[in-house]
Amino acid sequence: MDYQQLLESITPEIWQNLRRAIEIGKWPNGQPLTVEQRENCLQAIIAYEAKNLPAEQRTGYVPPKKACASDSPAEDEPSPLKWQ
């Protein structure tokens, strides 16, 4: 089985199990993940999510920061200090 076939065979249940294994650092049977296993699980999770989930629900998603005109000072003007 090649890598693409492996990714195609990932089900939502397998995806959840891989995520859980990475979170706790061990497999369901209690055996710890090796560094290589952790890397492979992360790659599989990222590939699965890229194919099956919207960007906002993917692992590591950071929403874009919205810049408002009132929040950003003009280039020539220094920004005032805000004391709290």
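In the block above lies the structure referred to throughout.
Residues numbered from 1 in each chain as written. Predicted model: local features only at pLDDT ≥ 70, side-chain atom pairs only at ≥ 80, totals over all residues. Heavy atoms only, no water.

Student: An account of helix H2 (residues 12–24) is needed here, citing residue identities and associated values.
Tutor: In this model H2 runs 18 Å from its N-terminal to its C-terminal C-alpha over 13 residues, within 8% of the 18 Å that 1.5 Å per residue would give. Within H2, burial applies to Trp15, Leu18, Ala21 and Ile22. Buried residues of H2, viewed axially, fall in a sector of 125°; they line one side. In H2, the exposed positions angled more than 90 degrees off the buried face are occupied by Pro12, Glu13 and Glu23. Contact partners of the buried residues in H2: helix H3 (35–52). Note on H2: the residue one or two positions beyond its end, Gly25, has a positive phi of about 80°. (Helix = DSSP H or I, 4+ residues; strand = E, 2+ residues; numbered from the N terminus. Expected span 1.5 Å × (residues − 1). Buried < 20%, exposed > 50% of the residue type's maximum accessible area, 1.4 Å probe, protein only. Arc of directions from axis to C-beta. Contact = heavy atoms within 4.5 Å.)

Student: Let's hear about the nonpolar core: which residues, and what values?
Tutor: Formed by Leu7, Ile10, Trp15, Leu18, Ala21, Ile22, Leu33, Cys41, Ala44, Ile45, Tyr48 and Leu53, the largest nonpolar core amounts to 12 residues. If we ignore the near neighbours within four places in the chain, the residues touching Leu18 are Trp27, Cys41, Ala44 and Ile45. (Core = buried A, V, L, I, M, F, W, Y, C linked by side-chain atoms within 4.5 Å.)

Student: Tell me about the packing of H2 against H3, and please be specific about residues and values.
Tutor: Where H2 contacts H3, the axes come no closer than 10 Å and their chain directions differ by 140°. With respect to H3, the element H2 is oriented oblique. The handedness of the crossing between H2 and H3 comes out as left-handed. Between H2 and H3, the residues in contact are Pro12, Trp15, Leu18, Arg19 and Ile22 and Arg38, Cys41, Leu42, Ala44, Ile45, Tyr48 and Glu49, respectively. (Axes fitted to C-alpha atoms, helices over the stretch in contact; angles between N-to-C directions. Parallel < 35°, antiparallel > 145°, perpendicular 65-115°, else oblique. Left-handed = near helix turned anticlockwise from the far one by under 90°.)

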